[in-house]
Amino acid sequence: MILLPFQLNFKKFKCKTMIRTLLVLSLLYQTNAAIRIYLSGGAHSYEGTIHIEHSGSYGTICDDNFDTADAKVVCRMLGYHGPSKAYSGAHFGQGTGPTWIDELQCTGYESDVSDCRRNSWGNEDCGHSEDAGVRCSSHDVQTIRLIGGTGNFEGTVDVMENGHWGSICDRNFTDQDATVVCRALGFTDGHAVKGAYFGQLNRGRIWTDKLGCRGNETGIWQCKYYATRWGQSNTCNDSMDAGVVCDHTAVRLVGGSLPSEGRVEVQHNGVWGTVCGNSFTQHDADVVCRMLSFNHSAVSIQYNTTRGSGPIWLGNLGCHGDEVDIQFCNLGGWNNHSCNHANDVGVTCKPTDVRLSRGSNPSEGTVEIKIDGSWKTICDPGFGDNEASVICRMLGYTGSNSPHTIYHSDYFGHSYSVGLDKVSCQGDESDISQCSSVPHTSCSTSKNVGLRCEGVQVRLVGGAHSTEGRVEVLNGGQWGTVCDSSWDDADATVVCKMLAYYPYDGNAVGIAVSGSYFGFGDGPVWLADVGCNGTENDLTECSIGWKGGVNCDHGRDAGVVCEFAEEKRLQGGQTDTEGNIEFNYGGTWHSYCDDGWNKSDAIVVCRELGYWTANPILYNSSHFGRSRTTVYKVDPQCTGKEGNLEMCRMGEKLGPVTCSSSESAGVDCNPQNLDMAEIRLVDGPGPWRGRLEINKNGVWGSVCYDFWNDTYTDLVCHNLRFLNTNVSSFKTPVGLTSMHYKRFDCQRGGEANLGQCKADFNVTDCSRRKSQAVGIDCSGGLGVTLNSGGYLQGKVELHTSNTTRPWTVCRSGLNNVAAQVICTMAGYSNTSPNVTSIDSQDPILYTNIACDGWESHVSQCSTMNTGQSCDERAYIDCFNGCIRNHTGSAGTIVSRNYPAYTADMDCLDIIKNPGNTLMKLTFNDLNLSGDGDFVEIRDGPHGRQLGLYASNAAVPMLVTNKDFYIRLKTNNMTNARGFNVSYSRLNVEDTISMNCGPSGWEVAVNVTQLRQLFPDTGVSQIKLSDQKCTGQVLGDLVVFKQHYTQCSTTHKINEGNIIYNNQLVYPEATEPFPIVVRGYRWTVELECDVARTDTLANSFHPNRTVVHHNPHKTSSTHYSSEVKFFSDGTFFKEIHGNPLSLKTGEDVYVMVKMTSDDVNIKMRVDSCYTKPDPNAGPALTFPLIQNGCVVDTYTRLLSQGNHETRFVFTAFEFPQSRDAVYVYCNATYCDVTDSSNKCTQICHGTPTIVGRAIGSWGY
């Protein structure tokens, strides 16, 4: 074992000396067959306390009479032949083991200390405070480092020789070569990683394509082919740069605001745990930081840091400070301490100094890095997302969803020269120094890279454009909303700064919008009480917490409208819709240079000017006259969805570049008419009366009533092709749709379409006034009733609000198309009505109605004649007799001929609600043919649509306190079943769904349904029995995702299951988090049963071609466990692929792992066996482990923990079926205190060893 630091300098010899030295080394290895030696505790590989092996164990040399001659012999044993220096008094730290040699008296010419005069082995009177040390010659050295890894233990091998860095080709790079590299860096073993896994170095120099190490050399210069092939030309390229992973202790920093700080956690036996701080020293902290590739001393130690969880693995590290891994420190033993998590220790490591400069704020600007005490920039070629992620993370933007924007070509300007070029990162590095790069480059400063970092990704959704909308943030890979609790303009301003681009981000102003004015979100409610003061550059700088606030559901989603000071106008055109584009900046009007402008940019400018339906025509070369202002080049890069030009990224920074007055950009906004399909009236009795909604950019939005001009009502109804003039507007609730429009301006004169009017999108005044939406009635008050005591069938009766007696319609003047329109007015469109006649004495309104088929109301029909009387009045049956009525508080109904199917059917089933109680409707079966057939459920003919289903997807439970109207419409296919539904009263437990998983449960409460039972339900008052455990709002659900170890969950064990129990409760209280609770509105018991036994499976092919891969998929009532294969004993090189491919005769390392954080449950691997086929019987089942005992002579158990078992076996094949070998392991799960045989991971009984006479080993 050779304990060396992370970066090694080792000897390099010139050619003639090398020949002579190789002869010496040959003798040395013969002489030293029984003598091994290593140094520990030094800052470099060539210095440290001496450890020498005798009788199978290492010990030290006493410093009595230890001098330079003795040191020279020790260094010669290590391969160093220059001047040497002796040290006494445990200068490099006290060693371990016995003191083997005392009174050493070498002449300096011996090849081994055993040849020197000395006391006999172990005959000494010294303590370890007298341990001897040496420093060997380090001149003319070679330096090794690892680049691109997540710690000092891994990376692409980078070797400096004669002042030049270069890589090693992976073509012949072996684990033995990697071991020598790792030993040179201070580790004991290593593994080769090929294919530039940690990144290409691009040094322009690949030192060799073959080393030929045996694995016991001190440095790569001692390897077989170093002398003949080092520095020689080869055919490798940088995609073949070799890397290594050295055997190491996994360590991480958790909970810090930067990658360089946090609670220290180490991994042992596959489980992460903390370190006790009681005896933690600066030396310990230095080693931890070095392990994480921070090549400086630790800045500080945080004692009693934020409490961790899991085991506390270490209580005393005992490092000297120069070790490369804590495994080489004087550990007090794993889990050997008396600490608790209140004593967990944290560290702050010293990262490379980095900053962003010359932007509007510290979160953006030119990237600058401190190199050798001076600030330098980075050249932008090749600088991408991975590199940006590392820089931003170093600056504190550590979230997994933290976005960034890269700027090229010295966008922000510079003050310093370029220091790094060709920076290449994997993206997960903690420090830019861990990435590969080329220093001291000649790259021009015109190629400096700039960067903008953000702590969280933000977007605006539901607005008429991307400058306004509902605020949504990305957390944990999922978009969610912000609660409007304490939401104000300061919070909104920070959001707008984040969304605007330099240089306008510094001047952005946000206006807060509350009350879900931009519609309801459907993800989690992530944030509440954001608490910004408006000067911050990012929401993460405000007082945020990711808990969603108190009683915050999507009815309180916060919104934003962003505003900018840069006013726009069009100059020089013949109308106000055209002209050169000018902007006011700093009180002065300027023009834009026409370079880089396109239609998307023009759309944004026109929208900002109010021309919201623009189909713009772009003009160059000062088409509307030469500009009399400064013409600035900005090269806008808009998407066309922005509401302000300042929300677009600019290719050129405003200011430095100007154009001539003949190069101004101009536009004709060319506003377009609204199509009939872009206007609708919703949430009313039909398309003729309801809330006004307008579709633009694919999003529907409503209009603020407080600023509505009734003159525009005529325009809307005219655009919808209603012929009557007796139209009106009214206030109506905002509903679920976004509020998009504050007002319209139709003052240009002659507008015949709302699209020709200018629109004002700023709805902040509407939000503050809690304005309702515009509702419009285009029917002129004309309605219809089919009145014969039935449903949707009867004599046609037309009426208005001031009608005392209904009017009828002549049968002879009503065709089937007009009858369809009347059925639409009665509640159902696209029916196939049956029209007959009936006698009546009621007055006649229309003798003839002719429609074209698209209409929703007779007022839109082309012909509505009044004339002479007729004897027969029109009678319509909208469903042609296919209506059924159902009564009672519970029951089950099926579609006609169920489970058969009728073609061309249009039928209605009506479930009458007795007493208007809350009823639920559950689909037991829904099977449609898929050719346009559908099932629609409403709560009345003109009621809410509860569901519309055109496929066989699962239908959620539907709830109403009215009637259920179920319509099934089919086409000409009959290959389906129809539906089977049940209905009954709604109970609390009906609103709750539960899913049991391998390590926890997911409980979802449907708040929309629950509020129909209890209208005042607050989302924060729904809790588990441990009332600190609340759920998370997700759409209209409150979701509880807890592990079985949380929230005071209890468990009990029976023969077949481990049963976890808790309660879902709703305390009766006037506040969300009461100190005392005197009762509960309701409680629901929760229970998950997890099976105690499981069979895990994987498979491999014993040859090299075809392999089946069947990873085990556990059900929701099993723990999540799996079998994985590895090719190495460190379990680093997992064998991937589908299928897997292994050679017979090679060792296969197997990990059986349980994924659970329940430390009270343990896994025991009872047996592992193999089959040539999953269906093979006992005769073809070959066991590896039985009853915890190894029964195969080629199988060995390596380690056994509570949640993980590791073993190795030699791959084989079944001669009866050489296609595959399937591996199965049976696992049992127990309480950790259960010491019964079946719950103890030891061999029970006397194993019967099974011989291997079943396979061929000719590979």
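None of the values given here were measured: they were computed from a predicted structure.

Participant: I would appreciate a short explanation of the overall build of the protein chain in the present structure.
Facilitator: When its secondary structure is counted, the protein chain shows 12 helices and 82 strands. Considered along the principal axes of its C-alpha atoms, the protein chain spans approximately 140 × 85 × 65 Å. The burial tally for the protein chain puts 55% of its 1259 residues in the buried class. Across the protein chain, the fraction of contacts at a sequence separation of at least 24, relative to all contacts at a separation of at least 6, is 73%. Within the structure as shown, the protein chain displays about 51200 Å² of accessible surface, and the carbon and sulfur contribution to it stands at 45%. When the 100 positive and 136 negative side-chain charges of the protein chain are each reduced to one mean point, those points stand 2 Å apart.

Participant: Hey, could you run me through the sheet that holds strand 70 (residues 1037-1043) in this one?
Facilitator: Sheets are built from strands that pair by backbone hydrogen bonding, the pairs being arranged parallel or antiparallel. Taken in spatial order, the 4 strands make up an open sheet running 66-67-70-69, and their pairing is antiparallel. On the outer flanks of this sheet lie strand 66 (992-996) and strand 69 (1032-1034), each paired with one strand and no other. Going from strand to strand, the sheet's axes swing by 25° on average, the running direction of each strand aside. Of the strand pairs in this sheet, strand 69 and strand 70 are connected by 3 bridges, and their pairing is antiparallel. The partner of Val1033 across the bridge, within strand 70, is Val1038.

Participant: Where do I start with the state of the cysteines in this structure?
Facilitator: A covalent bond between the sulfur atoms of two cysteines is what we call a disulfide. All told, the structure shown has 28 disulfides when counted by the stated rule. With its sulfur 2.0 Å from that of its partner, Cys75 forms a disulfide with Cys136. One disulfide, between Cys75 and Cys136, carries an S-S torsion of -90° and so falls in the left-handed class. Separated by 61 residues along the polypeptide, Cys75 in helix 2 (residues 68-77) and Cys136 in the loop between strand 7 (133-135) and strand 8 (141-148) bring together distant segments of the chain. An identical accessibility class is assigned to Cys75 and Cys136; each is buried.

Participant: Sorry, what's going on with the sheet that holds strand 76 (residues 1147-1155) here?
Facilitator: Here we have 4 strands laid out as an open sheet, ordered 75-76-81-80, and antiparallel in their pairing. Of all the strands in the sheet, just strand 75 (1120-1126) and strand 80 (1195-1200) have a single pairing partner and so form its edges. Neighbour-to-neighbour, the strand axes of this sheet turn through a mean angle of 20°, independent of strand direction. Two strands pair when backbone bridges link them, and strand 75 and strand 76 are joined in this way by 7 bridges, in the antiparallel orientation. When the bridges of strand 76 are listed, Ser1120 appears paired with Thr1155.

Participant: Quick question: what am I supposed to make of the pattern of salt bridges here?
Facilitator: Once their charged atoms are close, side chains differing in charge can pair, the charge on each being opposite to the other. All chains considered together, the criterion is met by 43 salt bridges. For Arg135, the salt bridge is made with Glu47, and the minimal N-O distance between the two is 2.5 Å. You can see Arg135 sitting in strand 7 and its partner Glu47 sitting in strand 3 (residues 47-54), a full 88 residues away along the chain. Taking the relative accessible area as the measure of exposure, Arg135 reaches 32% and is therefore partly exposed. Note that Glu693 and Arg680 form a salt bridge whose closest N and O atoms lie 2.7 Å from each other. Separated by 13 residues along the polypeptide, Glu693 in strand 42 (residues 689-696) and Arg680 in strand 41 (residues 679-686) bring together distant segments of the chain. In this structure, a network of salt bridges that share partners links the residues Arg680, Asp683, Arg691 and Glu693.

Participant: For this particular structure, what's the right way to read the packing of aromatic side chains?
Facilitator: Two aromatic rings, taken as a pair, are described by how far apart their centres are and by the angle between their planes. Counting across every chain of the model gives 33 aromatic pairs. Considering the side-chain rings of Trp100 and Trp121, the 6.4 Å spacing of their centres and the 80° angle between planes classify their relative orientation as edge-to-face. A residue pair is termed long-range when its members are at least 10 positions apart, and Trp100 in strand 6 (residues 99-101) and Trp121 in the loop between strand 6 and strand 7 qualify at 21 residues. Taking the relative accessible area as the measure of exposure, Trp121 reaches 24% and is therefore partly exposed. Aromatic pair Phe1207 and Phe1209: ring centres 6.4 Å apart, planes at 35°, arrangement tilted. Pair check on accessibility: Phe1207 and Phe1209 agree, each one buried. In this structure an aromatic cluster arises from ring pairing among Trp612, Trp708, Tyr712, Tyr741, Phe744 and Phe761. Over the aromatic face of Trp479 sits the side chain of Arg459, whose NZ or CZ is 4.0 Å from the ring centroid.

Participant: Just checking my understanding: could you explain helix 11 (residues 816-826) for this structure?
Facilitator: Given 3.6 residues per helical turn, the α-helix brings residues three or four places apart onto the same face. Counting buried positions along helix 11 gives 8 out of 11 residues, so the element sits mostly inside the fold. Listed as buried for helix 11 are Ala818, Ala819, Val821, Ile822, Cys823, Thr824, Met825 and Ala826. At its buried positions, helix 11 is contacted by strand 49 (783-787), strand 50 (793-799), strand 52 (834-839), strand 54 (848-850) and strand 56 (872-877). A positive backbone phi angle near 135° is found at Gly827, which sits one or two residues after helix 11.

What counts and how
Residues numbered from 1 in each chain as written. Predicted model: local features only at pLDDT ≥ 70, side-chain atom pairs only at ≥ 80, totals over all residues. Heavy atoms only, no water. Helix = DSSP H or I, 4+ residues; strand = E, 2+ residues; numbered from the N terminus. Buried < 20%, exposed > 50% of the residue type's maximum accessible area, 1.4 Å probe, protein only. Contact = heavy atoms within 4.5 Å. Areas by Shrake-Rupley, 256 points an atom, 1.4 Å probe, with all protein chains shown as cover. Lys, Arg positive; Asp, Glu negative; His and termini not counted. Charge placed at Lys NZ, Arg CZ, Asp CG, Glu CD. Pairing = 2+ DSSP bridges. Axes fitted to C-alpha atoms, helices over the stretch in contact; angles between N-to-C directions. Disulfide = S-S within 2.5 Å. Salt bridge = Lys/Arg side-chain N within 4 Å of Asp/Glu carboxyl O. Phe/Tyr/Trp six-rings, centres within 6.5 Å; stacked < 30°, edge-to-face > 60°. Lys NZ or Arg CZ within 6 Å of the ring centre and 35° of its normal.

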